[in-house]
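Below are the chains, spelled out letter by letter.
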Number of protein chains: 2
Amino acid sequence: MPQNTLPQVPGIRLASVPANIKNWQRDDLLLIEIHAGASVSATFTRNAFCAAPVTVAREHIRNGNIRALLINAGNANAATGERGLSDARACCAAVAEALNINASQVLPFSTGVIGEHLPLQKLLDAIPAAATELAGDGWDRAARAIMTTDTRPKSASRTVEIAGEQIRIAGIAKGAGMIQPNMATMLAYVATDAAIAQPLLDQLVKEAVNASFNRISVDGDTSTNDACVLIASGATGPQLGDVNSVEYLRLRDAIIEVHIELAQAIVRDGEGATKFVTVQVRGARHSEEAMKVAFEVGESPLVKTALYASDPNWGRLVMAIGNAGVEQLETEKVNIYLDDVQVVEAGGRASAYTEEAGEQVFSRPEFTITVDLGRGDIDEYIWTCDFSHEYVTINAEYRT
Amino acid sequence: MPQNTLPQVPGIRLASVPANIKNWQRDDLLLIEIHAGASVSATFTRNAFCAAPVTVAREHIRNGNIRALLINAGNANAATGERGLSDARACCAAVAEALNINASQVLPFSTGVIGEHLPLQKLLDAIPAAATELAGDGWDRAARAIMTTDTRPKSASRTVEIAGEQIRIAGIAKGAGMIQPNMATMLAYVATDAAIAQPLLDQLVKEAVNASFNRISVDGDTSTNDACVLIASGATGPQLGDVNSVEYLRLRDAIIEVHIELAQAIVRDGEGATKFVTVQVRGARHSEEAMKVAFEVGESPLVKTALYASDPNWGRLVMAIGNAGVEQLETEKVNIYLDDVQVVEAGGRASAYTEEAGEQVFSRPEFTITVDLGRGDIDEYIWTCDFSHEYVTINAEYRT
């Protein structure tokens, strides 16, 4: 085991165990125990075919007082009908029995292949073992247990001093394909030992997701299972209930930073990705049109194959911008920059632009494409990656 | 030269010449002459960054009385600013001079790389030569002259008897990537020698495009240059002006068939495509939601890589359907069929489904995915292809 990089978060214990869900030799079941009195908030996928565990988790979180999370990799328990729901409930019941809580205090999560039933008995057998192994230093192992096509674990942490006390924030995430706004085959769990009032935490999880996971795209698909959970265990420090207090704002910023770091890690690990690209849109009339342009550019297969080829084919950028459905776009006001190199000026090729300068930027492993629409003062940004041969290979061979 | 497969259409003459636009050895400039008194209708790209020739063609067609089309391959004359517009106008003027008509009677079209200026002099040099070579039997050579990344020419034809006269319909198209509804890097020219009143023809081109080119997708991108032109030369038979006449309806059906054949030929020649797949959506409440579901399935990179792999990963179909934003979709009413094999029943795996049966269908070069939403009686369909290694190769290396 490599050294632990994530701090312990008082009030949170974790256990990762091998449940052999896909006949592999690895941890694939994660149990997270949350101590009594914590606040827990979550956002879920908007896919209409949401998975059984998402349906159950939505039900349970409405009652509040959540005490445990159970996450399995290798099987999504999605499109599994009534049996899928009863499997998810059976998992919650097993956790409840092992931890002596109610089944409705457990949130279930699954990630993996869609359309196959959970190997329920394997999970039921593994849950009691997991309950006996709960420990505060389980974060790094947990980050590995929830991986599917991820090539590396994803985690981030911060420490903030509030009212003289050290407050910790630890987060883990998984996701590499089907990444898209509105929570796409992506799971993220962020916990702090601060005490944050439930309404404030509900607002914060939305804010944090909007600043992070809703700005990433690997291939424009959205999964059936995505979720992001934010836990404030309340083990340390005073209860934070004032949205304008300096303490809360400092903690909020650190929590958002953790989300952003996790979101970027997912893009960097995008299936087959070789480049990490920020698409920044400036000069929009409103946020919606800026985001539409950013995603149209960041999700265009033609743009993404050009990124892969390190080919500054700016015609494709222009094509994508034109496709974004911006009403009455004045193309002669559009400027485009590749890092500091202006490539499009007033809707056409910039006079000083050289193909060599463009290629130099496109060859970098990380760079920014800036689109200035010249019609307002709103800026937005997203993070994306390229579309490679490896992406096709991974997704053509996923089940075999 | 292979034998001509397309019929001559009285009232239409064509000439294809090499203008050496991309330093290649091939025809790349097509001139189509239309005799006086013809009706001409067209639809154009909705991309806001529309190319200079699209702007000019839109201007010219408003005046009616169109007498010639000029189409070049190898350069899109898009994102080329004022100079692009004046280049397109200069081409029209050269055609007008050669044919002794007005420049406003010429529609210009370009396809190829975006963002580079037209090699204007090469076009101006080639236009007079083209004018001297106009001939009625130029359709097959024309289909080749307009190709870019196409691997084969695309053409279709029909003959219909109206009022005792043989009426001919001939059509050519180009397009292989950036194919999407609303006319994406796709050019199509269909002509008949029938006489169709202008208002009827204007309606017919919309109907025909809606039944054909707006139902295809290769990669979800839309180009700056697309156009579809329908010409009724009026050289043969009586003027058709009644939308309900048997003669008109018979001609209309044949014209729509030509459009569909051309549209399907584009999908079959999709960049890197190895499969031709019809996505049929049944049981929708209205056409919009049926089309949204069809395109969400037909454009999902995860579905398209599964098609490529001949892997009936129906979980991805379910994921894509769930992403289509259908309001209050009842997933337990959704059924999915791969040709005649039911794979999803009531939102879950069909009890009689076997992986082998699914694989057998997915291995076919052509098959139909049918999604029954079970919420209405509207059906729609689109045609799509798979996403292969070859797609990435073609698009990563297009300019090099």
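Residues numbered from 1 in each chain as written. Chains lettered and ligands numbered in written order. Predicted model: local features only at pLDDT ≥ 70, side-chain atom pairs only at ≥ 80, totals over all residues. Heavy atoms only, no water.

With an unreviewed UniProt entry as reference, chain A is termed Arginine biosynthesis bifunctional protein ArgJ, source organism Microbulbifer taiwanensis. UniProt's Subcellular location (unreviewed entry) comment on chain A is quoted here verbatim: "Cytoplasm". (UniProt positions renumbered as here; feature names shortened; annotations may be inferred.)

1. Focus on the overall build of chain A
Of the regular secondary structure elements, chain A holds eleven helices and 18 strands. On C-alpha atoms alone, chain A measures out to a radius of gyration of 22 Å, which is about the 21 Å that the 2.2 N^0.38 rule sets for 400 residues. The dimensions of chain A, computed from C-alpha atoms along their principal axes, are 70 × 55 × 40 Å. Counting all 400 residues of chain A, 61% fall into the buried class. (Helix = DSSP H or I, 4+ residues; strand = E, 2+ residues; numbered from the N terminus. Rg over C-alpha atoms; globule rule 2.2 N^0.38 Å. Buried < 20%, exposed > 50% of the residue type's maximum accessible area, 1.4 Å probe, protein only.)

2. Regarding the pattern of salt bridges
All names here are of chain A. A complete count under the given rule lists 34 salt bridges over all chains for this structure. Of the charged contacts in the structure, one is a salt bridge between E59 and R89, with a shortest N-O distance of 2.8 Å. Here the residue E59 occupies a position in helix 1 (residues 52–62), and R89 occupies one in helix 2 (residues 81–99), the gap between them amounting to 30 residues. For E59, a relative accessible area of 28% gives the class partly exposed. Residues joined in a network through salt bridges with shared partners are D150, R152, K154 and D269. (Salt bridge = Lys/Arg side-chain N within 4 Å of Asp/Glu carboxyl O.)

3. So, the pairing of strand 11 (residues 227–232) of chain A
Regular strands have side chains that alternate between both faces of the sheet. Residue and element names in this part refer to chain A. Taken across its six residues, strand 11 has six buried, putting it largely inside the fold. Neither face of strand 11 is exposed, since A227, V229 and I231 on one face and C228, L230 and A232 on the opposite face are all buried. Where strand 3 (residues 39–44) lies against strand 11, six bridges are found, and the strand directions are antiparallel. Bridged to S39 within strand 11 is A232. (Pairing = 2+ DSSP bridges.)

4. What about the packing of helix 8 (residues 301–308) of chain A against helix 9 (residues 314–322) of chain A?
Residues and elements named next belong to chain A. Look at helix 8 against helix 9: their axes get within 9 Å of each other, and the N-to-C directions meet at 155°. Judged by the inter-axis angle, helix 8 sits roughly antiparallel to helix 9. In terms of crossing hand, the pair formed by helix 8 and helix 9 is left-handed. Only R316, L317, M319 and A320 of helix 9 make contact with helix 8, whose side of the interface consists of L302, V303, T305 and A306. Tallied by class, the residues present in the contact of helix 8 with helix 9 amount to six nonpolar, one polar and one charged. (Axes fitted to C-alpha atoms, helices over the stretch in contact; angles between N-to-C directions. Parallel < 35°, antiparallel > 145°, perpendicular 65-115°, else oblique. Left-handed = near helix turned anticlockwise from the far one by under 90°. Contact = heavy atoms within 4.5 Å. Nonpolar A, V, L, I, M, F, W, Y, C, P; charged D, E, K, R; others polar.)

5. Overview of the sheet that holds strand 6 (residues 154–162) of chain B
Hydrogen bonds between backbone atoms are what pair the strands of a sheet, whose relative direction is either parallel or antiparallel. All names here are of chain B. One open sheet holds the five strands; their spatial order is 3-11-8-7-6, and the pairing between them is mixed. Where the open sheet ends on each side, the last strands, each with one partner, are strand 3 (39–44) and strand 6. Ignoring which end each strand starts from, the neighbouring axes of this sheet average 10° apart. Pairing analysis gives six bridges linking strand 8 (residues 187–192) to strand 11 (residues 227–232), with the strands arranged parallel. Looking at strand 11, one finds that V190 is bridged to L230. Its contacts with the sheet place helix 6 (residues 246–268) against strand 6, strand 7 (165–174), strand 8 and strand 11, and it is angled at close to 170° to strand 6.

6. A few points about helix 3 (residues 120–132) of chain B
Residue and element names in this part refer to chain B. At A126, helix 3 is deflected by roughly 25°, the largest bend along its length, and proline P128 occurs up to four residues later in sequence. Burial in helix 3 covers these residues: L123, A126, I127, A130 and A131. In the core, the buried residues of helix 3 are packed alongside strand 1 (12–17), strand 2 (29–34), strand 4 (68–75) and helix 2 (81–99). (Bend = angle between axes of the 7 residues up to and from the residue.)

7. Things to note about the sheet that holds strand 18 (residues 378–385) of chain A
All names here are of chain A. Pairing in this open sheet of seven strands is mixed, and the strands run 10-18-13-17-14-15-16 from one edge to the other. Of all the strands in the sheet, the pair left with one neighbour each is strand 10 (216–217) and strand 16 (348–349). Here strand 13 (residues 276–284) pairs with strand 17 (residues 366–372) via seven bridges, running parallel. Counterpart to V277 in the pairing with strand 17 is F367. Against the sheet, helix 7 (residues 287–299) touches strand 10, strand 13, strand 17 and strand 18, its axis set at about 20° to strand 18. Sheet strands in contact with helix 9 are strand 14 (335–338), strand 15 (341–345), strand 16 and strand 17, and its direction is about 135° off that of strand 14.

8. Quick look at the domain arrangement of chain A
Its domain assignment divides chain A into domain 1 (12–268) and domain 2 (276–396). Placing a centre on the C-alpha atoms of domain 1 of chain A and another on those of domain 2 of chain A gives a separation of 33 Å. (Domains from an automatic or database assignment.)

9. Let's talk about the packing of aromatic side chains
Tallied over the full model, the rule gives seven aromatic pairs over all chains. Here the aromatic rings of F362(B) and F367(B) are separated by 4.9 Å at their centres, their planes lie at 35°, and the arrangement is tilted. One exposure class covers both F362(B) and F367(B), and it is buried. Above the ring of W24(A), the side-chain terminus of R26(A) is found at 4.1 Å from the ring centroid. The ring of Y381(A) carries the charged tip of R215(A) above its face, separated from the ring centre by 4.3 Å. (Phe/Tyr/Trp six-rings, centres within 6.5 Å; stacked < 30°, edge-to-face > 60°. Lys NZ or Arg CZ within 6 Å of the ring centre and 35° of its normal.)

10. Brief notes about the layout of surface pockets
Approximately 390 Å³ is the volume attributed to the second largest pocket. Together, 19 residues line the second largest pocket, and A346(A), G347(A), T80(B), G81(B) and E82(B) are the ones closest to its centre. Secondary structure elements with two or more residues in the lining of the second largest pocket: strand 16 of chain A together with helix 1 (52–62) and helix 2 of chain B. For the lining of the second largest pocket, the class distribution of residues is seven nonpolar, eight polar and four charged. (1 Å grid on protein atoms, 1.4 Å probe; cavity = no way out; pocket = protein on both sides within 12 Å on 5 of 7 lines; lining within 4 Å. Points joined across faces, edges and corners; volume = space filled by probe spheres on them.)

11. Observations regarding the environment of H389(A)
Structurally, the position occupied by H389(A) is in helix 11 (residues 389–396). For H389(A) and S212(A), which are 177 residues apart along the polypeptide, the C-alpha to C-alpha distance reads 27 Å. In contact with H389(A), other than residues within four places in its own chain, are Y308(A), H389(B), V392(B) and T393(B).

12. Structural notes on unusual backbone geometry
Residues and elements named next belong to chain A. For N23, which is not glycine, the phi torsion reads 55° and is therefore positive. Relative to the elements of secondary structure, N23 occurs in the loop between strand 1 (12–17) and strand 2 (29–34). Classification of N23 by relative accessible area gives exposed; the value is 62%.

13. Some remarks on the packing of helix 5 (residues 198–210) of chain A against helix 6 (residues 246–268) of chain A
All names here are of chain A. Where helix 5 meets helix 6, the axes come as close as 9 Å, and the angle between the chain directions of the two elements is 40°. On the basis of their axis angle, the class for helix 5 and helix 6 is oblique. As helix 5 runs across helix 6, the sense of the crossing is right-handed. Across from L200, L204, E207 and A208 in helix 5, the residues of helix 6 making contact are Y248, R252, I255, I256 and H259. Its residues assigned to classes, the contact of helix 5 with helix 6 shows six nonpolar, one polar and two charged.

14. Some points on the environment of L187(A)
All names here are of chain A. Mapped onto the secondary structure, L187 falls in strand 8 (residues 187–192). According to the relative accessible area criterion, L187 is buried, its value standing at 1%. When near neighbours in sequence (up to four residues on either side) are disregarded, L187 contacts I71, F109, S110, T111, I172, A173, K174, N225, D226 and A227.

15. Digging into the confidence of the model for chain A
Residues of chain A with pLDDT of at least 70 account for 93%, and the chain-wide mean is 90. pLDDT under 50 marks residues 178–184 of chain A. Its contacts with residues more than four places away, or in other chains, come to 51 contacts. (pLDDT = per-residue confidence, 0-100.)

16. Brief notes about the side chain of R375(B)
Residues and elements named next belong to chain B. Position of R375 relative to the elements: it lies in the loop between strand 17 (366–372) and strand 18 (378–385). From its side chain, R375 meets the backbone oxygen of E327 in a polar contact 3.1 Å long. With near-sequence residues (within four places) excluded, R375 lies in contact with G283, A284, R285, E289, V326, E327, Q328 and L329. (Polar contact = N/O pair within 3.5 Å; in protein donor to acceptor, adjacent residues only side chain to side chain.)

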